[in-house]
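# Understanding the architecture of this molecule
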Amino acid sequence: MRIRPSLLARTLLGSALLAAAAAPASAQDKIKVGFMLPYTGTFAALGTAIENGFRQYIDEQGGKLAGKTVEFVKVDDESDPAKASDNANKLVKRDNVDVMIGTVHSGVAMAMAKVAKDNNTLLIVPNAGADAITGPLCAPNIFRSSFSNWQPGFAMGKVAADRKIKTAVTLTWKYAAGDESVRGFKEGFETGGGKVVKELNLPFPNVEFQALLTEVAALKPDAVYVFFAGGGAVKFVKDWAAAGLGSSVKLIGAGFLTDGTLEAQGAAAQGLLTTLHYADDLTNPKDKAFRLQYAKAYKLQPDVYAVQGYDAAQMLAAGVNAVKGDMKQRDALVKAIESAKIDSPRGAFTLSRAHNPVQDIYLREVSGKVNKNVGIAVKGLADPARGCRL
Ligand code: PHB
């Protein structure tokens, strides 16, 4: 049968359109980034800071990577692990993103990692420290621009032991991040001769701290090590100050306790000691430029979350530039990120075999509205990546 040219042309055009719609964004002239972050709840400000930081880097590149326009879609994950797989699947299957950027909450991020693995979608985690992501769940397509929960915890444990603190109580939300942060602290602290005498916790994201503070008062440890972040950290530090425990018990924590929160915590946070891979008064030129531009663009001071977002974009750029924007060259793209030296505002870092930053952990002391760097707690700390086979 003879097909009339006009029909043939229409059929060909029709299939071309269909193919274009179904093709990954990488076959087109753009790179599609899917943010899966908390925009509501106790971690809402953290999600926004990550997105701001990421966009800042892309804006500095004129909105393009390797000549391709970067396009964004976003989903609010609400820090809810029960909705995490569905949310991640939407980005992968409905929106057909080239890369997922997410998230803050460890439980949600572990579900994202599983979706990324099942679909071989590129994932860069810009916060969540779940040890498993660069442990048993590690994969060629999964990277992290932030930290493992073990890292700041271990460093604080070492500092506490060095400062001759003998006994500590730990206090945190009961979920992967809290548990793992405490495990890191305990390892550093007890290896150095300290003793964790009690591990207290409450469900995420509860902020009813009173009964736990009463228990701390009765236990009379030298120190309390906590993991809290975002809105919960603001409330905890204020409740701690109001309880008046600070004169007899030293409050220490992973640096999230005082990061992005000082405006709201005010006087209650003064003098607190924490450990983190960032501080607010670093002197490297990259950080100076980053902070200036962030304040100008967002009328806000940046925090560790903004840095992690910025660096997630830098890691993506390292991969995309190496393959000149051809996202199908996945192996070459992965190799380029693996071997990149990221010029981060925190100080340059490289990635471990498991794709987690190998980085200096700073000891910081709150002074006014600033987490002041008072020295490096552990230099070039690599997560042990237990259970990762890559
Ligand atoms: C986490 O769930 O891994 C988490 C959340 C907030 C932080 C740090 C870690 O600030």
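Residues numbered from 1 in each chain as written. Predicted model: local features only at pLDDT ≥ 70, side-chain atom pairs only at ≥ 80, totals over all residues. Heavy atoms only, no water.

For the protein, the name recorded in an unreviewed UniProt entry is Extracellular ligand-binding receptor, with Sphaerotilus natans subsp. natans DSM 6575 as its organism. Quoted verbatim from the Sequence similarities (unreviewed entry) heading of the UniProt record, the comment on the protein is "Belongs to the leucine-binding protein family." (UniProt positions renumbered as here; feature names shortened; annotations may be inferred.)

### A few points about the pattern of salt bridges
On inspection of all chains with the given rule, the structure shows 19 salt bridges. The partner of Asp162 in a salt bridge is Lys158, with the nearest N and O atoms 3.5 Å apart. Here Lys158 and Asp162 lie together in helix α5 (residues 150-162), a separation of 4 residues that amounts to about one turn. Glu187 is the salt-bridge partner of Arg386, the closest N and O atoms lying 3.3 Å from each other. Of this pair, Arg386 sits in the segment after β14 (370-381) while Glu187 is found in helix α6 (residues 176-191), placing the two residues 199 residues apart along the sequence. Here Glu187 falls in the partly exposed class, since its relative accessible area comes to 30%. One salt-bridge network, held together by shared partners, links Glu51, Arg55 and Lys74. (Salt bridge = Lys/Arg side-chain N within 4 Å of Asp/Glu carboxyl O. Helix = DSSP H or I, 4+ residues; strand = E, 2+ residues; numbered from the N terminus. Buried < 20%, exposed > 50% of the residue type's maximum accessible area, 1.4 Å probe, protein only.)

### Here's the deal with the site of the ligand
Taken together, 16 residues lie near the ligand, and Ser106, Gly129, Tyr175, Ala229 and Tyr305 sit nearest. Between the ligand and the protein, one listed contact pairs an oxygen atom with a side-chain N or O atom of Ser106 at 2.6 Å. In this structure, an oxygen atom belonging to the ligand sits 2.6 Å away from a side-chain N or O atom of Tyr175. Taking a 2 Å distance to the grid points as the criterion, the majority of the atoms of the ligand fall inside the largest cavity. Taken together, the residues of the shell around the ligand break down into 11 nonpolar, 5 polar and no charged. (Near = heavy atom within 4 Å. Polar contact = N/O pair within 3.5 Å; in protein donor to acceptor, adjacent residues only side chain to side chain. 1 Å grid on protein atoms, 1.4 Å probe; cavity = no way out; pocket = protein on both sides within 12 Å on 5 of 7 lines; lining within 4 Å. Sits in = over half its atoms within 2 Å of the grid points. Nonpolar A, V, L, I, M, F, W, Y, C, P; charged D, E, K, R; others polar.)

### Quick notes on the pairing of strand β11 (residues 273-276)
Burial along β11 is two-sided: the face carrying Leu273 and Thr275 and the face carrying Thr274 and Leu276 are both buried. By the bridge criterion, 3 bridges tie strand β10 (residues 250-254) to β11 in an arrangement that is parallel. Each residue of the ladder has a partner; that of Ile252, found in β11, is Leu273. (Pairing = 2+ DSSP bridges.)

### A closer look at the packing of aromatic side chains
The geometry of an aromatic ring pair comes down to the distance between the two centres and the angle between the two planes. Counting across every chain of the model gives 23 aromatic pairs. Ring geometry for Phe227 against Phe256: centres 6.0 Å apart, planes inclined by 70°, an arrangement best described as edge-to-face. Residue Phe227 is found in strand β9 (residues 223-227), and its partner Phe256 is found in the loop between β10 and α9 (262-265); the two are separated by 29 residues along the sequence. Pair check on accessibility: Phe227 and Phe256 agree, each one buried. Where Phe290 meets Tyr310, the ring centres are 5.0 Å apart and the plane angle is 65°; that geometry is what we call edge-to-face. Here Tyr310 lies in helix α11 (residues 304-322) and Phe290 lies in helix α10 (residues 285-298), a separation of 20 residues in the sequence. Overall, the relative accessible area of 2% leaves Phe290 in the buried class. Note on Tyr310: relative accessible area 2%, which makes it buried. Above the face of the Phe72 ring, Arg55 is positioned so that its terminal group lies 4.2 Å from the ring centre. A cation over an aromatic ring shows up here: Lys74 above the ring of Tyr39, its NZ or CZ 4.6 Å from the ring centre. (Phe/Tyr/Trp six-rings, centres within 6.5 Å; stacked < 30°, edge-to-face > 60°. Lys NZ or Arg CZ within 6 Å of the ring centre and 35° of its normal.)

### So, the pairing of strand β3 (residues 68-76)
Here strand β1 (residues 30-37) pairs with β3 via 8 bridges, running parallel. Looking across to β3, one finds that Lys32 is bridged to Glu71. Sheet analysis places strand β2 (residues 64-65) next to β3, joined by 2 bridges and oriented antiparallel. Along β3, the bridge assignment pairs Lys64 with Thr69. The loop that links β2 with its antiparallel partner β3 comprises 2 residues; one of these, Ala66, has a positive phi angle of about 45°.

### Concerning the packing of α5 against α6
Between two packed helices, the angle of one axis relative to the other and the distance separating the axes together describe the packing. In the contact formed by α5 and α6, the axes pass within 6 Å of each other and the chain directions differ by 35°. Along this stretch, α5 crosses α6, giving a crossing that reads as right-handed. Side by side, α5 and α6 meet where Trp150, Gly153, Phe154, Met156, Gly157, Lys158, Ala160 and Ala161 of the first sit next to Glu180, Ser181, Gly184, Phe185, Glu187, Gly188 and Phe189 of the second. Split by residue class, the contact of α5 with α6 holds 7 nonpolar, 5 polar and 3 charged. (Axes fitted to C-alpha atoms, helices over the stretch in contact; angles between N-to-C directions. Left-handed = near helix turned anticlockwise from the far one by under 90°. Contact = heavy atoms within 4.5 Å.)

### Focus: the packing of helix α3 (residues 84-94) against helix α4 (residues 106-119)
At their nearest, the axes of α3 and α4 sit 8 Å apart, and the two run at 40° to each other. By the criterion of interaxial angle, the relationship of α3 to α4 is oblique. α3 and α4 meet at a crossing whose hand is right-handed. Of the residues in α4, those in contact with Ala84, Ser85, Ala88, Asn89, Val92 and Lys93 of α3 are Val108, Ala111, Met112, Val115 and Asn119. (Parallel < 35°, antiparallel > 145°, perpendicular 65-115°, else oblique.)

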